[in-house]
Amino acid sequence: MLNIEIDGKELEVEHGSTIIDAADKAGIAIPRFCYHPKLSVAANCRMCLVQVEKFNKPLPACATPVADGMKIFTRSKSAIEAQKSVMEFLLINHPLDCPICDQGGECDLQDIAVAYGTSGSRYTEEKRVVFNKNIGPLVSTDMTRCIQCTRCVRFLKEVGGMMELGMVGRGEHAEITAYVDKSVNSELSGNIIDLCPVGALTSKPYRYSARSWELTRRPSIAPHDGLGSHIEVHVKDNKVMRVLPREKESINECWLSDRDRFSYEGLNSPDRLKVPMIKHSGNWVETDWKTALEFAAGQIKDITNEHGAESLGVLVSPNSTMEEGYLAKKLADGLGCGNVDYRLRQTDFRLDGKRLGTPWMGCNIQEIEELDRILVIGSNLRNEHPLLAQRFRKAVANGAKLSIISPLDNNPLMDVAHKVIVRPNDMVNVLGQVLKAMSGLQKLSLCLPPTLTQLLSDIKVRPNTQAIAESMAGHGETYDLISPKVGIFLGNMALSDPRFTEMYSMAEAIGGISGAKGGILPAAANSTGMHMLGVMPNSTGMHARAMLEVPRKAYLLVNIEPELDCQHAALAKAAMEKAECVVALTAFKSQALENADVLLPIAPFTETSGTFMSMEGRVQSFTAVTRPLGECRPAWKVLRVLANTLGLQGFDFETSEQVKEAAFGGEKPSAVVWRSLNNNLKELVEIQINIKHEGLQRIGEVPQYESDPIVRRSTPLQKTKYNIKPMARMCASQLAELGLIDGDLVSVKQDKGSAVLTVKLDDHVAKGCVRVAAAHEDTIGLGDLMGDITVEKLSPAQLKGGVTAVEARV
């Protein structure tokens, strides 16, 4: 610790701190533009000049480290003159058009100019003009206003992981620009809007729609992934105008992913369902709540009375709140029905009943940055968890060794020490090799199931898997072996795979040897919470996949669009068609719900109160920020009244807080959570490793901007480069083997369904795989996300016949 003095105030600060760090901690204001605590120091705006004793010129506070006994003056005559001079220079070329600037009212330059500017300018020459750049559908540019602070450049390189903007020119000709014919495609790009201290970078969807002083700011929780980012929703006239990050260092720091920032545009989509609707003679008819609920309850009663309670299937979105999941489960239990599940995109359910607790991330979000060795299995981090990927990026920057086992070789925008890119079916084999190699390195006799022990003895460890094993074991490195900092994480592609149970069991065995933390990285906002509440089938009930394979007579859908949100789209569609009654609680009316019989309009997250549990087990409640649109009602209220209409007991809740209290048994949520979270298995399952698999496998990744109903309807997000029409993507060697070239039209078939897609060369895809995006209308006729698939080139006759993807769908 060092003793310094700022403006006569004695302080004790850490060695290595800068003057601006010390001043901020002491509450002493120093003006700045280029400095940001989360970015590297550029010291190019010079607004933070201060006077330091024994120095004959002002020094930049952001770049000057403190020294013992240093005396600093931020308000001295010398410091003030320097700061005012810098402000005058900044305003020489800056257009003074604040009334028409979209940043007006929340502009750092405006605020600081009031304190350090003059009443007039001595500069009478013509100001320079910089042409605007089109850097995508999310960020609007007015580059004449840019003051070259380079915050955007540093953010995209240091946090986003890729240098997409840079500075060209010198002196007054300097300007920020993108590469030739390139736009900003980072999934975190919206953060440069917040970082820009002037009106050079603003939100394109929000532009000129409201002034900052007209908005009401209300806190909420992001509902689109398992991170649980803190957000601030800005409302005007009962309409969400924009979403900004709320600072929460332990979760999202001060950042926000584009999915969470711009999804609000889907809230007022033309598809919004505003009144209850009943299908009559094949046509939708608007009705009142009483009629709709009585009709829905009557249909469910009639079917369950005639065919038994097990003829009903309840499917709940993992993006629903804990209150909604609890009431859906309670309603099913009240009817004597065990068929309830939230795991819509899962195929393998063999771990049911074999876990010691609720599966979760296995560590706190902040702990990722402290890891030394990381193994990520079956995850495209940037697509699944954009902000969590940034934490992994920090860990690697701090020296961590990252290993990846995946069917996709997507660039995570960080250094990867070791990677094995194989077909989904072969990931288990690779994990077996890693396990065998690690047991050899550690000279351990593992307590494994007999079949696994026998199979491991026959496995040949390849050099690339040996390297992963050595990395995870800390072989040849000076790691702390007493308290190892190792993490193993399974992503969405592993969770969707038919052999997930084997991958999970192998990962646990590897973690046991290496002393690793870790677990699963679920995609949805409330997967962990749904599992903890038991929104799953009982011992006699059917899981989500079984409910579709053996169609139920009636379905109750909570916040899902079956064809787009389920693992097997064609199976989901067929099941809904065969059902005698489908009751859908939904915020949107869509083609995916055409087979429903009753549509009950529910409120999205901005119009209801509720609770999400993040992947790290953090329970976070939020309240409505706007009134429900039209006749919409919170889903927990709809479920409560539906249960009352069905004549069920125990549904006398008046508020969502009462539902939450009941869900946690009246205990403090944190006590229940930490008692429940446990990734360990009761015993390792029997594993088959050397399964021979012929033919092609599909990699059915869900694009991040197709992940849920709200995101799918956000127009700005759908205009980004991530919203690409599904194609049959294969590596060069696979194309050559099939006799295909980039641009060919092919018929892609799975089970009984097919689609006509364009071939695309993609060397990020493992040999033996076809990457076909899911959750899209062009591919809803296909099967499992990770299932077998065939690809056939269309003949000239078929092409002449004008075959289209729509015609080929089943």
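Residues numbered from 1 in each chain as written. Predicted model: local features only at pLDDT ≥ 70, side-chain atom pairs only at ≥ 80, totals over all residues. Heavy atoms only, no water.

Novice: What is the right way to read helix α19 (residues 569-578) from this model?
Specialist: Those residues of α19 lying buried are Ala569, Ala572, Ala575 and Met576. For α19, the buried positions fall inside an angular range of 130 degrees around the axis, keeping them on one side. On the buried face of α19, the contacting elements are β15 (312-316), α17 (544-549), β22 (554-558), α18 (562-565) and β23 (581-586). (Buried < 20%, exposed > 50% of the residue type's maximum accessible area, 1.4 Å probe, protein only. Helix = DSSP H or I, 4+ residues; strand = E, 2+ residues; numbered from the N terminus. Arc of directions from axis to C-beta. Contact = heavy atoms within 4.5 Å.)

Novice: It is not clear to me how the domain arrangement of the protein should be interpreted in this structure. Could you clarify?
Specialist: Taken domain by domain, the protein holds domain 1 (2-41 + 51-74), domain 2 (108-266), domain 3 (277-342 + 527-675), domain 4 (365-521) and domain 5 (696-800). Summarising the inter-unit geometry, the C-alpha centres of domain 1 and domain 2 are found 27 Å apart. Summed over both partners, the interface of domain 1 with domain 2 buries about 1200 Å², with 62% contributed by carbon and sulfur atoms. Of all residues in domain 1, the largest losses of buried area upon contact with domain 2 belong to Phe33, Lys38 and Leu39, amounting jointly to 58% of the total for that side. Connecting domain 1 to domain 2 are 2 salt bridges. When the shortest N-O distance is used, the salt bridge between Glu249 and Lys38 registers 2.5 Å. Connecting domain 1 to domain 2 are 7 residue pairs in polar contact (both at pLDDT 80 or more). Here the residues of the side of domain 1 that touches domain 2 are counted per class, giving 6 nonpolar, 2 polar and 2 charged. (Domains from an automatic or database assignment. Buried area = accessible area lost by both parts, 1.4 Å probe. Salt bridge = Lys/Arg side-chain N within 4 Å of Asp/Glu carboxyl O. Polar contact = N/O pair within 3.5 Å; in protein donor to acceptor, adjacent residues only side chain to side chain. Nonpolar A, V, L, I, M, F, W, Y, C, P; charged D, E, K, R; others polar.)

Novice: Would you mind showing me how to read the packing of aromatic side chains here?
Specialist: Aromatic ring pairs: the centre-centre distance and the angle between the two ring planes describe each pair. Inspection of the entire model under this criterion finds 6 aromatic pairs. An angle of 80 degrees between the planes, with centres 5.7 Å apart, marks the rings of Trp360 and Trp674 as edge-to-face. One end of the pair, Trp360, is in the loop between β16 (340-341) and β17 (373-377); the other, Trp674, is in helix α22 (residues 669-676), and 314 residues separate them in sequence. Residue classification places Trp360 among the buried residues on the basis of a relative accessible area of 13%. (Phe/Tyr/Trp six-rings, centres within 6.5 Å; stacked < 30°, edge-to-face > 60°.)

Novice: Even after reading the chapter, I still don't get the sheet that holds strand β24 (residues 598-601), so can you show me in this structure?
Specialist: Strand-to-strand pairing in sheets goes through backbone hydrogen bonds, with the strands running parallel or antiparallel. Taking strand neighbours across the sheet as the criterion, the 7 strands line up as β14-β13-β24-β23-β22-β15-β16 in an open arrangement whose pairing is mixed. Here the strands that pair on one side only, and so sit at the sheet edges, are β14 (283-286) and β16. Taken together, the 5 bridges between β22 and β23 define a ladder with parallel strand orientation. What sits directly across from Val558, in β23, is Leu585. (Pairing = 2+ DSSP bridges.)

Novice: I would appreciate a short explanation of the UniProt feature "domain: 4Fe-4S His(Cys)3-ligated-type" (unreviewed entry) in the protein in the present structure.
Specialist: The UniProt entry lists residues 78-117 under the feature "domain: 4Fe-4S His(Cys)3-ligated-type" (unreviewed entry), expressed in the numbering used here. For the annotated span residues 78-117, helix accounts for 60% and strand for 0% of the residues, and the straight-line distance between the end C-alpha atoms is 16 Å. (UniProt positions renumbered as here; feature names shortened; annotations may be inferred.)

Novice: Explain the UniProt feature "domain: 4Fe-4S Mo/W bis-MGD-type" (unreviewed entry) in the protein to me, please; I cannot follow it from the model alone.
Specialist: In the numbering used here, UniProt assigns the "domain: 4Fe-4S Mo/W bis-MGD-type" (unreviewed entry) feature to residues 215-271. End-to-end, the C-alpha atoms of residues 215-271 are 25 Å apart, and along that stretch the chain is 9% helix and 35% strand.

Novice: When you look at the pattern of salt bridges in this model, what are you seeing that I'm missing?
Specialist: Any two side chains of opposite charge can pair, so long as their charged atoms come close to each other. Per the stated rule, a full pass over the model turns up 46 salt bridges. Ionic pairing is found between Arg207 and Asp142, a salt bridge with its closest N-O pair at 3.0 Å. Taken together, the residues span a long stretch of sequence, with Arg207 in the loop between β9 (201-203) and β10 (216-221) and Asp142 in the loop between β6 (139-141) and α4 (151-158) at a distance of 65 residues. Classification of Arg207 by relative accessible area gives partly exposed; the value is 22%.

Novice: So what exactly am I meant to see when it comes to the packing of helix α8 (residues 322-334) against helix α21 (residues 656-663) here?
Specialist: The relative placement of two packed helices is expressed as an angle between their axes plus a distance between the axes. As a packed pair, α8 and α21 sit with axes 9 Å apart at the nearest point and diverge in direction by 65 degrees. By the angle between their axes, α8 is roughly perpendicular relative to α21. Judged by the sense of rotation from one axis to the other, the crossing of α8 with α21 is left-handed. Together, Glu323, Tyr326 and Leu327 of α8 and Ser656, Val659, Lys660, Ala662 and Ala663 of α21 make up the contact between the two elements. Tallied by class, residues from the contact of α8 with α21 come to 5 nonpolar, 1 polar and 2 charged. (Axes fitted to C-alpha atoms, helices over the stretch in contact; angles between N-to-C directions. Parallel < 35°, antiparallel > 145°, perpendicular 65-115°, else oblique. Left-handed = near helix turned anticlockwise from the far one by under 90°.)

Novice: Teacher, can you tell me more about the packing of helix α2 (residues 77-92) against helix α3 (residues 108-116) here?
Specialist: Two elements in contact, α2 and α3, have axes separated by 10 Å at closest approach and are oriented at 130 degrees. It follows from the interaxial angle that α2 and α3 lie oblique. For the crossing formed where α2 meets α3, the hand is left-handed. Listed contacts from α3 to Ile80, Gln83, Lys84, Met87 and Leu91 of α2 are Leu109, Ile112, Ala113, Ala115 and Tyr116.

Novice: For this particular structure, what's the right way to read α8?
Specialist: Each α-helix turn comprises 3.6 residues. Residues three or four places apart therefore point the same way. In a regular helix each residue adds 1.5 Å, so 13 residues correspond to 18 Å; α8 covers 18 Å between its end C-alpha atoms and thus fits that length. Within α8, 10 of the 13 residues are buried, leaving the element largely enclosed by the surrounding structure. Considered for burial, the residues of α8 that qualify are Met322, Glu323, Glu324, Gly325, Tyr326, Leu327, Ala328, Lys329, Leu331 and Ala332. Taken from the residues just after α8, Gly336 is the one with a positive phi, measuring 80 degrees. (Expected span 1.5 Å × (residues − 1).)

Novice: What should I look at first to understand the confidence of the model for the protein in this one?
Specialist: Predicted coordinates in areas of low pLDDT are best not read in detail. Summary statistics for the protein give a mean pLDDT of 92 and a share of 96% for residues scoring 70 or more. The low-confidence segment residues 805-810, where pLDDT is below 50, has 16 contacts with residues more than four positions distant or belonging to other chains. (pLDDT = per-residue confidence, 0-100.)

Novice: Help me out: how do you make sense of unusual backbone geometry in this one?
Specialist: For residues that are not glycine, phi is negative in most cases, and the peptide bond is trans in most cases. A positive phi angle, close to 65 degrees, is found at Thr150, a residue other than glycine. Residue Thr150 is classed as buried on the basis of its relative accessible area of 11%. The residue Ala775 is not glycine, and still its phi comes out positive at about 60 degrees. Counting through the fold element by element, Ala775 comes out in the loop between β31 (769-771) and β32 (788-793). For Ala775, a relative accessible area of 8% translates into the label buried.

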